[in-house]
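Given next are the chains, with one letter for each unit.
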Amino acid sequence: MRHSTILTILAATLVLSAAATRRWGEHGHTIAARAAVAALPDEMPAFFRDAAEQLVYLNPEPDRWRGGNARGADRAMDAAGAPEHFIDLELLPAARRAGILQAPDRFAFADSLRRIGERAQTVGVLPFTMLEYSQRLRVGFQAWRRARSAAQRAFIDARIINDAGILGHYVTDASNPAHTTIHFNGWRGRNPKGYATDNRFHSRFESAFVQAHVRQNDLTPLIAREPRTFPDLRSAILAHITESHALVERLYELDKAQPFGVDDRRPEAKAFAAARLAAGAQMLRDLWWSSWVASAAP
């Protein structure tokens, strides 16, 4: 009995530890959201621009759902939500990756993974989470345009802001190369270049380093003034993730030269982190804008 209890405790600890490893930290999510809101065009509806503080608050929200309390009682949320924060692209066969990612929805994606011996819980479903929230936002804007009264429109306002804020979390996650790879928290498997293998790697970069050295004004100059409009949301989302994934080794190279952390004051390390957060902020602004523009179509 005692042995069984110990195993149960260890398992719970591992679940909570895994849930805590893939996150920018609240500071990174917050400054990316502020930069996205600040870059919105004036043509965005006033109620949306006026909700800036709420959109910023909501960006870290999905991380608050995970490991709901010190005892990890909210396991259903952890299990359901964890795969939404990442996509481990190396687990998809290179020759079939593009086709598998073109699955019409997360359930068809899961079916495709089972056929190659993988599981959605292991591979992650980040691109589908981003796509679903972007489509939900477009539908919300369509309803807003058709609202029959001011009271009804106010209800829809609240729905839109919530969805837009939550979308922001996953877009920002995708801008971190560590959310696109099996090497999310230390290099796994063959390691001929001697990259870091410690299980504090993720938090050293994403939380400790970013909080100590990166600010919103580091992101703002890196964001294009004119928003993009995406006629094909899926392609834009996959391009965002692919761009981030291409920088996995660069992330590890920077850490090898000097480990990320509070005491790391290298300009090149700061520039890398700021560029990734700015990419997330710009993508978020553009998804918000694209959803609004698309909602005007019949």
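Residues numbered from 1 in each chain as written. Predicted model: local features only at pLDDT ≥ 70, side-chain atom pairs only at ≥ 80, totals over all residues. Heavy atoms only, no water.

1. What about the nonpolar core?
Argument step 1. Ranked by size, the top nonpolar core spans 79 residues in total, and within it Phe48, Phe109, Met130, Val214, Leu219 and Trp288 carry the most contacts.
Argument step 2. The element contributing the most residues to this core is helix 16 (residues 267–294), with 13 residues.
Argument step 3. Setting aside anything within four residues of it in sequence, one finds Phe109 in contact with Ile87, Ile100, Leu101, Ala103, Val123, Gly124, Val125 and Phe128. (Core = buried A, V, L, I, M, F, W, Y, C linked by side-chain atoms within 4.5 Å. Buried < 20%, exposed > 50% of the residue type's maximum accessible area, 1.4 Å probe, protein only. Helix = DSSP H or I, 4+ residues; strand = E, 2+ residues; numbered from the N terminus. Contact = heavy atoms within 4.5 Å.)

2. Some remarks on the pattern of salt bridges
Argument step 1. Inspection of the entire model under this criterion finds 17 salt bridges.
Argument step 2. Between Asp198 and Arg204 there is a salt bridge, and its shortest N-O distance comes to 3.0 Å.
Argument step 3. A relative accessible area of 22% places Asp198 in the partly exposed class.
Argument step 4. We classify Arg204 as buried; its relative accessible area is 12%.
Argument step 5. Across the pair Asp264 and Arg266 runs a salt bridge, and its minimum N-O distance is 2.7 Å.
Argument step 6. Overall, Asp264 belongs to the buried group, its relative accessible area being 1%.
Argument step 7. One network of salt bridges, in which partners are shared, links Glu26, Glu61 and Arg64. (Salt bridge = Lys/Arg side-chain N within 4 Å of Asp/Glu carboxyl O.)

3. A word on the side chain of Ser290
Argument step 1. You can see Ser290 is positioned in helix 16.
Argument step 2. The class of Ser290 is buried, set by a relative accessible area of 3%.
Argument step 3. Those residues in contact with Ser290, other than ones at most four positions away along the chain, are Arg228, Thr229 and Phe230.

4. Brief notes about the confidence of the model for the chain
Argument step 1. On average, residues of the chain carry a pLDDT of 91, and 89% of them reach 70 or more.
Argument step 2. Note that pLDDT drops below 50 for residues 1–21; the model gives that stretch 12 contacts with residues more than four away or on any other chain. (pLDDT = per-residue confidence, 0-100.)

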